[in-house]
Each structure stands twice: as structure tokens, then as C-alpha cells.
Amino acid sequence: MGICRKFGQSAVSVAAAASLAAGDPGAECILDNLPSAVLLLDSQDRIRRVNAAAEQLFSASRNQLEGLPLARLLLADSPLLAALAGVRADGQSRSAFGLRLGLARNGGFEVDCHLVPLAEAPGSVLVMLHPCSLAARIDRDLARGGGRKAAALAALLAHEVKNPLAGIRGAAQLLEPQLAEEDRPLARLIREESDRICRLVEEMEIFADAPPLRRRRVNIHEVLDHVRRLAEAGVARHCRFVEAYDPSLPEIEADREQLTQVFLNLVTNAAEAMDTGTITLATLYQHGLRVTVPYRRERLELPITVEVRDTGPGVPPELADHLFEPFVSGKPRGRGLGLAIVARIVADHGGLVSHVPSERGAIFRVRLPLAPPIAGEQP
Ligand SMILES: Nc1ncnc2c1ncn2[C@@H]1O[C@H](COP(=O)(O)OP(=O)(O)OP(=O)(O)O)[C@@H](O)[C@H]1O
Ligand SMILES: [Mg+2]
């Protein structure tokens, strides 16, 4: 449970909320561009209005949310409900930081929240939720800047390291027969360590090697079927597959091979996390869905959602904030490149990949546009 304190009503939130309550389209536009989820509750704690970030946070559309009691979205012991009860009891605003939002659907994560009773609309309470860690993660997961910079750095490093390394290795090899018997292990050590660094650098090159997108019309379900067949014949032999496909999913313009790589990496991780279990491949088409990305000005139109879910132990909590960075691995022999490659390819397609916190197993969500941005264009 986070720190909870009462605070003075802010003029901005009151004005925005009062306009929202009145159905002012200007206020709605402002609210839809806010990175924080905003919900307006009526005197019965039913949701009257939501903004775009709230739709995203609760993975539900405006139509589904409006009219619903807030309690239906949350676990009975969610601290948000306790904070709301406090507001109802004394009519005072409250802020809570680092509060664990118990979501009925998928557990939840930590948020900062502000609850403001509205004098302009008696009985109404404005709820603002800011999933700080998730926001930071999504920003990083976009990986447009970070992933590409890391890839460029990896390419540079690989280039700069490999040539001198070959020289060092060659020199050690030449020296070895000329050395006294007792010194030869040292020359061998130089050779073997050079080989090890060389292998490491080659792995970095795999990450850095970013071929241009070869766009064509792609049926995502065909890609997923192909990935399932590949996995069933190999890495996921011990797993059961479930397909939960949205039949209305349109074809998209994408690079089929690279998308195959994305879902193969996700399915491989799912299979490697379980001795036995189920991998669900789910798709969803949300026409016109525009995703507000915290700390970014543009809203991305990403109507295609693909999720890879598994019933394994879930992502180790200590890795959760760094999953998409290269060389982060929780496996003894893991290279930590699979998800970094996923992030790079999805970003090249103008999409977004995230790890969805979940009570059970792991969920990775890929959101894609209908067509990737042209290289050099701002997505
Ligand atoms: N479905 C999952 N369930 C549990 N942990 C996962 C899952 N997916 C990823 N992880 C964790 O994230 C780490 C990083 O994954 P990533 O695919 O980037 O690297 P890796 O699997 O360790 O190595 P590589 O994919 O390069 O062979 C994994 O080592 C694992 O600890
Ligand atoms: Mg992997």
C-alpha cells in the first residue's frame, strides 16, 4: 500500500472535470491526450466518463466502461476502493502514491492516484490514475530511440573489437610454439579468451543486424500458425497451444519474416519458461484504437493486438523493468537477445510491445499499425 494523504483540490482538475461532466468536447480532447487515466464517478461510484488513457489502462472500450460500477473492475481488497471510501466519508480529496491497483482482470500494478470530489457536480468524484512504472516501461518498450541506439552501438563495438581481436588471437597462436612448455598455457588462454569475446561480439552483431523492412500484405494468423507449427516441432514440443483469434483481423502491411521472428521469440520464451503448460496465441482488432503513450506527444493508431500468453511462472520480478534491453537474461545460458530483437522489429513496424503484469503466467502484448511508417517518417 502506498503513501496516502489528503490534498487541496487543484483548480485545473476541477475545471477539466466539470467540463467533462458537462460533456464539453474541448475538455474531452484535452483529457484524451493526457497520459493519466481519468474516470468520473457518479454518487453511486459508477463510471460516468473515461478518457483514452483509462480505456488503455483497463483494456476496455469507453462503451464497456461507462455505466459500470468501479468496483467491478477491481479486486474487493483494492486499496483504491478503500481510498474512495475515505473520500466518501469526509468529502476530502486524497492522493496515494505507489498504490497497488488490484485489477480484477489481470492482477494489477502500482499507480499514483488522485481522488477529487467535485463541488460543481455534487456526489461526483474524479479519479486520476498514473501507472508510473508502466508508463516508464512503455516509453522504454517503444524502443524506437533506445533500441536503435543500442543496435548502432552494438554494430560499432562489434566492428571495432573484431579486427584487433583477430590480431591478438593470431599473435598468440604464432607465439605458442616458440614459448617454453610452462608458458604455453598462457598463450592458449589468450587464444581461448579471444575466441570467447569473438563469439560474444558475433551475438551482438545478430542484434545489431537490422535488415530493412520488406513490406507486403501479411495475414497475421498465417504467421502465427507458422510459428506454432515451428514451435510444436521443436522448442515447444511439451506445450499445448490454444488459438483465440479475432476473425475480423484485417491483413496488414509488414515484413512477414521479421514478424515470424517476433512471435517465435515470444513463443520460445514461453516454452522455455514451462516444463509443461499452455501457450495461448490471441489476436484482437480494435478499429480506430489510438494509443496514448505517456511522455510522447503523438497518439499511435495501433488497432492490431497480438498476445502470447503462457501458464508458466511468469517473468522474474527483478527483470521486469529491463526485459527489452539487450543482454538481460534470467536463464543460465540465455543470451538475453530475444526480447531486444522483438522490441527492435516491433518498433521498426511502428508498433509497441509490452509485458502485461499478470497474476498467473506471462503475457506479452504486441500492438501494430495497419502499415509500418516509411523509413525516415515520424511514426
Ligand atoms: N514467457 C516468459 N516467462 C517467464 N520469463 C520470461 C518469459 N519471457 C521472457 N522471460 C524472461 O526474460 C528474460 C529475457 O528474455 P530474452 O528472450 O530477451 O532472453 P533469453 O530468452 O534469456 O535469451 P535468448 O532469447 O537470447 O536466447 C528471460 O531470460 C526470462 O528470464
Ligand atoms: Mg528468449
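Every chain's residues receive numbers from 1 upward, in the order its sequence appears when written. Whichever chain is written first becomes A and whichever ligand is written first becomes 1, with later ones labelled in order. Selection of residues for local features in this predicted model requires a pLDDT of at least 70, selection of side-chain atom pairs for listing and counting requires 80 or more, and totals for whole chains, interfaces and linings are taken over all residues. Remark: hydrogens and water are excluded; side-chain values derive from all non-hydrogen atoms of the structure.

Colleague: Is there a simple way to explain the pairing of strand β13 (residues 304-310) in this structure?
Modeller: Both faces of the sheet carry side chains from a regular strand, because those side chains alternate between them. Counting buried positions over the seven residues of β13 gives six, a clear majority of the element. Where strand β10 (residues 277-285) lies against β13, seven bridges are found, and the strand directions are antiparallel. Counterpart to L284 in the pairing with β13 is T305. Between any two strands, at least two bridges found by DSSP are needed for them to pair. What counts as a helix is a DSSP run of H or I of at least four residues, what counts as a strand is a run of E of at least two, and both are numbered from the N terminus. In this structure, β13 lies alongside strand β15 (residues 363-368), joined through six bridges in antiparallel fashion. Paired with V308 across the strands is F364, a residue of β15. Note on exposure labels: buried denotes an accessible area under 20% of the residue type's maximum, exposed denotes more than 50%, and partly exposed covers the range between, all computed with a 1.4 Å probe on protein chains only.

Colleague: Just checking my understanding: could you explain the packing of aromatic side chains for this structure?
Modeller: Any two aromatic rings considered together are summarised by their centre-to-centre distance and by the angle between their planes. Put simply, two rings from Phe, Tyr or Trp (the six-membered ring, in Trp's case) pair if the centres are within 6.5 Å, and we call them stacked under 30 degrees between planes, edge-to-face over 60, tilted for the rest. Counting across every chain of the model gives one aromatic pair. Measuring from ring centre to ring centre gives 6.2 Å for F324 and F364, while their planes differ by 75 degrees; the resulting arrangement is edge-to-face. Here F324 is found in the loop between β13 and α11 (338-348), whereas its partner F364 is found in strand β15, with 40 residues between them in sequence. On the basis of relative accessibility, which here comes to 7%, the residue F364 falls in the buried class.

Colleague: How should the side chain of E307 be read in this particular structure?
Modeller: Here E307 lies in strand β13. On the basis of relative accessibility, which here comes to 10%, the residue E307 falls in the buried class. Within polar-contact distance, the side chain of E307 engages the side chain of R309 at 2.8 Å. If we ignore the near neighbours within four places in the chain, the residues touching E307 are T280, L281, A282, I363, F364 and R365. What qualifies as a polar contact is a pair of N or O atoms within 3.5 Å, subject to a donor-acceptor requirement within protein and to the restriction that residues adjacent in sequence count only when both atoms come from side chains. Any two residues whose heavy atoms approach within 4.5 Å are treated as being in contact.

Colleague: Explain the nonpolar core here, please?
Modeller: In globular proteins that are soluble, nonpolar side chains generally tend to be buried together. In terms of nonpolar packing, the biggest core is built from 44 residues, with I220, F263, L266 and I279 touching the most fellow members. Breaking this core down by element, the ones donating at least two residues are α9 (220-233), β8 (239-244), β9 (252-254), α10 (256-272), β10, β13, α11 and β15. The dominant element in this core, judged by the number of residues it contributes, is α10, at seven residues. Beyond its immediate sequence surroundings of up to four residues, L266 is in contact with V308, L339, V342, F364 and V366. In this text, buried Ala, Val, Leu, Ile, Met, Phe, Trp, Tyr and Cys residues form a nonpolar core when linked through side-chain atoms within 4.5 Å. Of all hydrophobic cores here, the second largest spans 30 residues; its members include V50, L68, V87 and L115.

These figures come from the coordinates and say nothing about function on their own.
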